[in-house]
There are 4 protein chains.
Amino acid sequence: MTRPADPVRWPDGTRAAAAFTFDVDAESAALGVSHHHADRMSVMSHQAYGPLVGVPRILEILRRNDIRSTFFVPGYTAHRYPDVVRSIADAGHEIAHHGYLHEAMTGKSESEEAAILDRAGDVLERVTGRRPIGYRAPMWELNWHSPKLLADRGFLYDSSLMDADHPYELAVDGGRSIVEIPVQWALDDWEQYCYIPDFSGSGLIESPLKAAELWRLEFEGLQSAGGCFVLTNHPFLSGRPSRAAVLEELIGYVASRPDVWVAPLGEIAAHTRSLELTPRCIARPDPDDF
Amino acid sequence: MTRPADPVRWPDGTRAAAAFTFDVDAESAALGVSHHHADRMSVMSHQAYGPLVGVPRILEILRRNDIRSTFFVPGYTAHRYPDVVRSIADAGHEIAHHGYLHEAMTGKSESEEAAILDRAGDVLERVTGRRPIGYRAPMWELNWHSPKLLADRGFLYDSSLMDADHPYELAVDGGRSIVEIPVQWALDDWEQYCYIPDFSGSGLIESPLKAAELWRLEFEGLQSAGGCFVLTNHPFLSGRPSRAAVLEELIGYVASRPDVWVAPLGEIAAHTRSLELTPRCIARPDPDDF
Amino acid sequence: MTRPADPVRWPDGTRAAAAFTFDVDAESAALGVSHHHADRMSVMSHQAYGPLVGVPRILEILRRNDIRSTFFVPGYTAHRYPDVVRSIADAGHEIAHHGYLHEAMTGKSESEEAAILDRAGDVLERVTGRRPIGYRAPMWELNWHSPKLLADRGFLYDSSLMDADHPYELAVDGGRSIVEIPVQWALDDWEQYCYIPDFSGSGLIESPLKAAELWRLEFEGLQSAGGCFVLTNHPFLSGRPSRAAVLEELIGYVASRPDVWVAPLGEIAAHTRSLELTPRCIARPDPDDF
Amino acid sequence: MTRPADPVRWPDGTRAAAAFTFDVDAESAALGVSHHHADRMSVMSHQAYGPLVGVPRILEILRRNDIRSTFFVPGYTAHRYPDVVRSIADAGHEIAHHGYLHEAMTGKSESEEAAILDRAGDVLERVTGRRPIGYRAPMWELNWHSPKLLADRGFLYDSSLMDADHPYELAVDGGRSIVEIPVQWALDDWEQYCYIPDFSGSGLIESPLKAAELWRLEFEGLQSAGGCFVLTNHPFLSGRPSRAAVLEELIGYVASRPDVWVAPLGEIAAHTRSLELTPRCIARPDPDDF
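Along every chain, residues carry numbers that run from 1 in the direction the sequence is written. As a convention, the first chain written is A and the first ligand written is 1, with the rest following in written order. Totals for whole chains, interfaces and linings use all residues, but because this is a predicted model, local features are given only for residues with pLDDT of at least 70 and pairs of side-chain atoms are given and counted only at 80 or more. Side-chain calculation: all heavy atoms of the structure are included, whereas hydrogens and water are not.

- Going by the annotation in an unreviewed UniProt entry, the name recorded for chain A is Putative xylanase/chitin deacetylase, with Mycolicibacterium chubuense given as the source organism.

1. Here's the deal with the interface of chain A and chain B
Part 1 of the reasoning: Residues are treated as being in contact if the distance between any of their heavy atoms lies within 4.5 Å. If you look at the interface, chain A gives 46 residues, while chain B gives 41 residues.
Part 2 of the reasoning: Interface of chain A and chain B: buried area, both sides summed, is about 3700 Å²; carbon and sulfur atoms make up 60% of it.
Part 3 of the reasoning: A carboxyl oxygen of Asp or Glu within 4 Å of a side-chain nitrogen of Lys or Arg is what we treat as a salt bridge. Applying the counting criterion to the chain A and chain B interface returns 5 salt bridges.
Part 4 of the reasoning: Here Asp83(B) ties to Arg3(A) by a salt bridge, and the two come within 3.4 Å at their closest N and O atoms.
Part 5 of the reasoning: Listing elements by their share of the side of chain A that touches chain B, those giving two or more residues are α7 (190–193) and α8 (208–225) of chain A.
Part 6 of the reasoning: The numbering of helices and of strands both runs from the N terminus, where a helix is a DSSP run of H or I of at least 4 residues and a strand a run of E of at least 2. Looking at the side of chain A that touches chain B, the element that brings in the most residues is α8(A), giving 8 residues.
Part 7 of the reasoning: Broken down by class, the residue content of the side of chain A that touches chain B amounts to 24 nonpolar, 8 polar and 14 charged. Here's the idea: put two parts together, see how much 1.4 Å probe accessible area each one loses, and the total over both is what we call buried area. Each residue is assigned to one of three groups, with Ala, Val, Leu, Ile, Met, Phe, Trp, Tyr, Cys and Pro labelled nonpolar, Asp, Glu, Lys and Arg labelled charged, and all others, Gly among them, labelled polar.

2. Focus on the environment of Ile178(C)
Residues and elements named next belong to chain C.
Part 1 of the reasoning: The residue Ile 178 is located in strand β7 (residues 177–180) in this model.
Part 2 of the reasoning: Along the chain, Ile 178 and Ala 283 lie 105 residues apart, while their C-alpha atoms are 16 Å from each other.
Part 3 of the reasoning: Not counting the four nearest positions on each side in its chain, Ile 178 is found in contact with Pro 147, Leu 150, Ala 151, Phe 155, Leu 156, Asp 158, Tyr 168, Glu 169, Leu 170, Val 172 and Arg 273.

3. Quick look at the pattern of salt bridges
Part 1 of the reasoning: All told, the structure shown has 96 salt bridges over all chains when counted by the stated rule.
Part 2 of the reasoning: Residue Arg64(B) pairs with Glu248(B) through a salt bridge whose shortest N-O separation is 2.8 Å. On the criterion of sequence distance, the pair formed by Arg64(B) in helix α2 (residues 41–64) and Glu248(B) in helix α10 (residues 241–255) is long-range, its members being 184 residues apart.
Part 3 of the reasoning: Close ionic contact of Lys148(C) with Asp152(C) constitutes a salt bridge, the shortest N to O distance being 3.0 Å.

4. Comments concerning the relation of the copies chain D and chain C
Part 1 of the reasoning: Here chain D sits on chain C after a turn of 90° about the axis and a move of 0.0 Å along it, with an RMSD of 0.0 Å. These values place the two chain copies in the arrangement generated by a four-fold rotation axis. Among all C-alpha atoms of chain D, that of Ser202(D) lies closest to the rotation axis, at 4.4 Å.
Part 2 of the reasoning: Little of the interface of chain D is mirrored in chain C, where only 7% of its interface residues are also at the interface. Residues below a pLDDT of 70 in either copy are left out; the C-alpha atoms of the rest, at least 70 in both, set the least-squares superposition of the copies.

5. Digging into the packing of helix α8 (residues 208–225) of chain C against helix α10 (residues 241–255) of chain D
Part 1 of the reasoning: Comment: axis = line fitted to C-alpha atoms, over the contacting stretch for helices; angle = value between 0 and 180 degrees taken between N-to-C directions. For the pair α8(C) and α10(D), interaxial distance at closest approach is 7 Å and the crossing angle is 90°. In terms of orientation, α8(C) lies roughly perpendicular with respect to α10(D). Packed against α8(C), whose contacting residues are Leu217(C), Glu218(C), Gly221(C) and Leu222(C), the element α10(D) presents Pro241(D), Ser242(D) and Arg243(D) at the interface.
Part 2 of the reasoning: Here the contact of α8(C) with α10(D) is built from residues that sort into 3 nonpolar, 2 polar and 2 charged. Any angle that is under 35 degrees is reported as roughly parallel, and any over 145 degrees as roughly antiparallel; angles of 65 to 115 degrees are reported as roughly perpendicular and all others as oblique.

6. Some details on unusual backbone geometry
All names here are of chain A.
Part 1 of the reasoning: The residue Met 139 is not glycine, and still its phi comes out positive at about 60°.
Part 2 of the reasoning: If you trace the backbone, Met 139 turns up in the loop between β4 (134–135) and α6 (146–152).
Part 3 of the reasoning: Of note, the phi angle at Asp 198 is positive, near 55°, even though the residue is not glycine.
Part 4 of the reasoning: In this fold, Asp 198 is placed in the loop between α7 and α8.
Part 5 of the reasoning: Partly exposed describes any residue whose relative accessible area lies between the buried limit of under 20% and the exposed limit of over 50%, with all areas from a 1.4 Å probe on protein chains only and scaled to the type maximum. By relative accessible area, which is 72% here, Asp 198 ends up exposed.

7. Quick word on the relation of the copies chain A and chain B
Each of the two chain copies can be brought onto the other by rotation about an axis and movement along it.
Part 1 of the reasoning: Superposing chain A onto chain B takes a rotation of 90° combined with a translation of 0.0 Å along the rotation axis, leaving an RMSD of 0.0 Å.
Part 2 of the reasoning: Of all interface residues in chain A, a mere 7% are interface residues in chain B too; the two copies therefore contact each other through different surfaces.

8. Structural notes on the arrangement of the chains
Part 1 of the reasoning: Nothing in chain A touches chain C, and the closest approach of their C-alpha atoms is 9 Å.
Part 2 of the reasoning: For chain B and chain D, which are not in contact, the least C-alpha distance works out to 9 Å.

9. Considering the side chain of His93(D)
Residue and element names in this part refer to chain D.
Part 1 of the reasoning: Along the polypeptide, His 93 turns up in the loop between α4 (82–90) and β3 (94–97).
Part 2 of the reasoning: Note on His 93: relative accessible area 8%, which makes it buried.
Part 3 of the reasoning: Here a polar contact is recorded for every N or O atom pair within 3.5 Å, except that within protein the pair must consist of a potential hydrogen donor and a potential acceptor, and residues adjacent in sequence are included only if both atoms are side-chain atoms. Within the structure, His 93 has its side chain in polar contact with the backbone nitrogen of Ser 69 (distance 2.9 Å).
Part 4 of the reasoning: Not counting chain neighbours up to four residues away, the residues in contact with His 93 comprise Leu 59, Leu 62, Ile 67, Arg 68, Ser 69, Phe 71 and Ile 88.

10. Looking at the interface of chain D and chain C
Part 1 of the reasoning: Counting from both sides, the interface comprises 41 residues of chain D and, opposite them, 45 residues of chain C.
Part 2 of the reasoning: The largest share of the area that chain D buries against chain C comes from Met41(D), Leu52(D) and Ile205(D), three residues that together contribute 19% of it.
Part 3 of the reasoning: Counting across the chain D and chain C interface gives 5 salt bridges.
Part 4 of the reasoning: In this structure, Arg40(D) engages Glu141(C) in a salt bridge whose closest nitrogen and oxygen atoms are separated by 2.3 Å.
Part 5 of the reasoning: Counting every contact that joins chain D to chain C gives 19 residue pairs in polar contact (both at pLDDT 80 or more).
Part 6 of the reasoning: Contributions of two or more residues to the side of chain D that touches chain C are made by α2 (41–64), α3 (75–80), α4, α8 (208–225) and α10 of chain D.
Part 7 of the reasoning: Here the side of chain D that touches chain C gets 11 residues from one element, more than from any other, and that element is α2(D).
Part 8 of the reasoning: Residues that form the side of chain D that touches chain C fall into these classes: 22 nonpolar, 9 polar and 10 charged.

Structural data, given as structure tokens:
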């Protein structure tokens with residue numbers, strides 16, 4: 001039977017962890033669904049808002065609050081906006097892997113996925129000078145073969161699964177493992193804010209105050225539970241002025257809790273690795289097995 | 001003409017009843033729609049959060065508030081997580097039937113549905129040592145032949161219909177009946193919280209405070225009406241820390257009303273049976289009849 | 001050019017009107033979309049809640065607040081629940097026409113629509129003893145030929161269009177007209193509350209407090225504008241205890257305004273007719289005309 | 001690499017700008033999607049509410065608050081409601097171009113789009129006596145060839161892109177440029193209010209207070225950022241009494257800020273042009289380029 005992840009201890013007397021992560025999807029979020037979206041100038045400009053306006057605004061917020069964070073960057077974003085991506089790295093933040101064209105990996109073979117991982121890893125290394133150690137599957141769609149592909153390439157961690165309140169070691173094979181830092185749909189700004197006709201969303205656009213209420217409540221819940229709060233924002237969405245302002249309030253609130261460790265995912269993963277946890281095996285469900 | 005259900009009297013001077021029920025769908029909610037969802041590691045992990053993290057948290061909440069409840073468990077959940085299901089039963093809660101793979105029964109023949117009922121009944125009995133006496137149709141989709149199938153198998157009650165504020169005896173045939181404990185869509189956490197791309201939801205994810213407002217108002221309405229408040233939560237959704245915290249507040253509020261009887265559905269059904277109500281016949285609508 | 005409706009004067013020194021209307025769709029709302037929904041026992045029970053539980057609760061609310069109202073009843077509802085429909089009429093409320101099986105009339109020919117109008121008119125007359133004088137198109141989908149069909153049958157009014165804040169005379173032909181009492185989507189409970197899988201809704205279920213805020217604001221706006229507030233509730237939705245309670249609060253608030261005339265639509269239509277307004281012609285748009 | 005727009009200075013010591021714009025889509029919003037919607041009398045009346053009731057109400061609000069604004073008018077609206085469109089111009093507001101039948105331009109060739117631009121320009125000129133200098137693409141769907149078409153026709157500005165918080169010069173070719181005044185989905189009333197079955201919306205209809213909260217927050221964010229707040233309202237939606245009342249409150253709030261310049265888009269564009277900014281080139285993304 002698949003067993004729950006063991007609890008983790010947090011460093012320096014803290015009892016919970018928090019990370020503010022950003023997925024710099026830009027145009028690739030739409031192009032990964034269909035190359036035809038490239039024909040839609042307004043949609044492309046909607047996505048370009050992320051690197052052009054959202055990222056600088058978010059970097060300034062993080063600087064003001066003295067927070068280091070993790071930015072998941074599709075290879076195509078690094079190809080199209082190398083200066084933006086370098087500015088993130090130069091500000092001391094972690095650049096992590098987020099596919100090449102934000103491709104949904106569902107249904108892709110191991111070799112197809114490997115090619116995408118390598119292509120995007122190459123461009124990220126070329127632009128930033130270093131190979132990322134963290135991965136987040138586009139659309140949070142990990143395949144069962146993905147962890148092995150990540151281990152083969154020396155990744156320390158992935159952040160795409162949803163079965164725990166805190167990180168764990170995920171068994172791969174041959175005694176190998178990667179650190180998994182779980183996420184959840186309620187801690188993502190896409191569901192609260194994203195509407196792009198004929199691409200994403202039903203038309204719902206929430207007030208930033210509603211999103212912040214949802215996120216603050218879950219932060220407090222995870223804080224009590226000793227978990228790891230991983231919030232995911234997209235600069236093309238949360239880079240808008242009022243959303244950024246509300247996010248900054250939340251960042252300030254979280255960062256001011258003395259019992260919470262705020263860190264980039266790479267550091268959270270390194271801490272988790274240092275705990276020498278027993279790797280968890282997750283068995284693929286087989287609905288025909290009985 | 002189909003007639004409304006007669007009012008029921010509640011025990012011990014109470015004027016309304018309440019049950020906090022949990023559907024432990026886990027992976028089966030997605031697999032019942034398509035076996036292909038098994039390929040989606042992240043989706044599977046999203047569902048696994050229920051038994052792995054949500055159930056222990058909910059059991060602790062129920063223990064703290066001294067509440068016994070009913071957990072509807074698909075057969076596949078019991079097969080995959082037998083220890084989790086036993087831990088629920090060991091804590092004094094009722095285990096009830098919820099299909100094998102959370103199959104929507106719409107369009108299934110009587111014999112197909114019978115086979116699923118038996119298969120899941122077998123695994124629940126094997127895991128918990130006893131045959132369930134209660135049933136809830138996956139997706140709350142009861143067929144017109146379902147009540148007879150349940151009566152044939154000795155079920156005391158079903159909880160899938162929506163035409164009354166309180167339980168009643170549902171006529172089956174030959175003078176037989178089963179107790180029906182009605183539910184409603186507004187008292188379900190799925191509509192408030194569930195978003196799984198390419199499977200369920202439009203992207204809407206509500207704040208727990210909004211869900212709790214909705215549920216508390218309807219509890220108060222049913223309390224005034226002398227009805228039976230049946231709330232349905234899914235551990236993979238409401239087991240998340242902030243949702244569980246808000247649910248615990250609601251449980252505490254309801255449990256502290258002196259005029260409300262909080263009980264598992266099995267006990268509510270037994271009480272209803274003891275009232276010796278005249279069974280209701282519900283006629284299948286025939287839109288061609290005129 | 002189509003011209004706006006002229007303002008109307010309201011009786012007895014009031015400056016606005018209000019009507020609380022109820023569409024008793026019951027099973028027909030689903031059956032009109034597909035007869036196959038008859039196979040879904042739970043869906044049918046969800047719809048049956050309206051006549052069985054919602055209508056008696058709403059009648060009691062109207063009685064307590066001394067309000068007479070208009071109930072739009074599909075023919076099939078009258079066929080299946082004649083006693084319920086008679087109880088509405090016996091309480092002094094108006095029974096009006098709402099199709100036979102809540103058929104969307106879009107695409108129906110004049111003769112097809114005429115047959116439905118007559119069939120439902122017959123059953124309503126058989127059950128209540130009188131022919132309805134008011135009509136509301138199912139789904140608020142009026143055809144361009146519908147007004148003539150209504151005038152041919154002696155209807156005084158329709159309540160399905162959306163191009164004014166108050167009633168007007170709608171020109172038909174040959175100097176004939178019917179009174180039109182406009183509605184709007186925001187003053188309908190379906191959008192706030194209705195979720196039925198594989199039939200209606202995206203999963204959104206709002207709190208009654210949100211719906212009431214929306215409706216109260218629009219009432220106040222129409223009150224200021226001298227308009228006619230027409231709220232549409234469905235007993236299978238707003239008959240639930242907490243929604244009914246919130247609706248009763250709104251009814252009490254509206255009814256207590258000394259400058260607002262609360263009346264059934266039939267009386268509002270008769271008052272409008274008495275004003276001897278010049279009938280409005282509405283020209284069908286022709287996008288190919290230029 | 002595409003670079004962000006340079007900041008702009010605002011006139012007379014103000015630090016931000018604001019425009020309340022109105023898209024008078026009326027019937028064309030539905031007809032542009034399918035001519036068959038012309039058969040739906042209720043849908044057509046829903047759209048007609050805009051010019052018939054919404055526009056006069058909005059003109060009165062603008063007059064009371066001493067605000068001049070920009071109205072984007074599809075050619076068909078001017079054809080069908082010439083007096084309404086003239087009344088807008090006569091009140092001192094700007095009439096700008098919004099397609100002929102609100103056609104989504106995606107997939108249209110350069111010559112097809114040119115024909116639509118000219119046809120609508122002709123009717124607007126015939127009705128108002130002057131050729132519009134501003135354009136907003138229906139559905140905010142600009143093609144990559146659209147800016148050149150606009151420059152060819154002497155347009156001063158477009159307002160359909162989303163990649164900045166304030167206006168900029170958009171390079172076209174041969175040293176030519178047009179002013180771009182960006183918009184965003186969160187500052188549009190359609191997502192908050194629009195539901196038309198089988199045409200638009202999932203059923204969500206928000207309270208005006210929620211919409212106003214969202215818009216006020218973003219106004220304050222843009223005010224702080226020195227940006228340009230461009231709100232888009234549709235008279236068929238925001239012309240309803242309570243929405244108009246809430247909009248008037250927001251207008252009053254914005255107009256009372258001493259550091260905010262409220263103006264029609266034409267004047268904002270002229271001011272932007274006067275700054276002699278370096279035109280921005282936006283490169284079409286090519287997902288196959290690597």
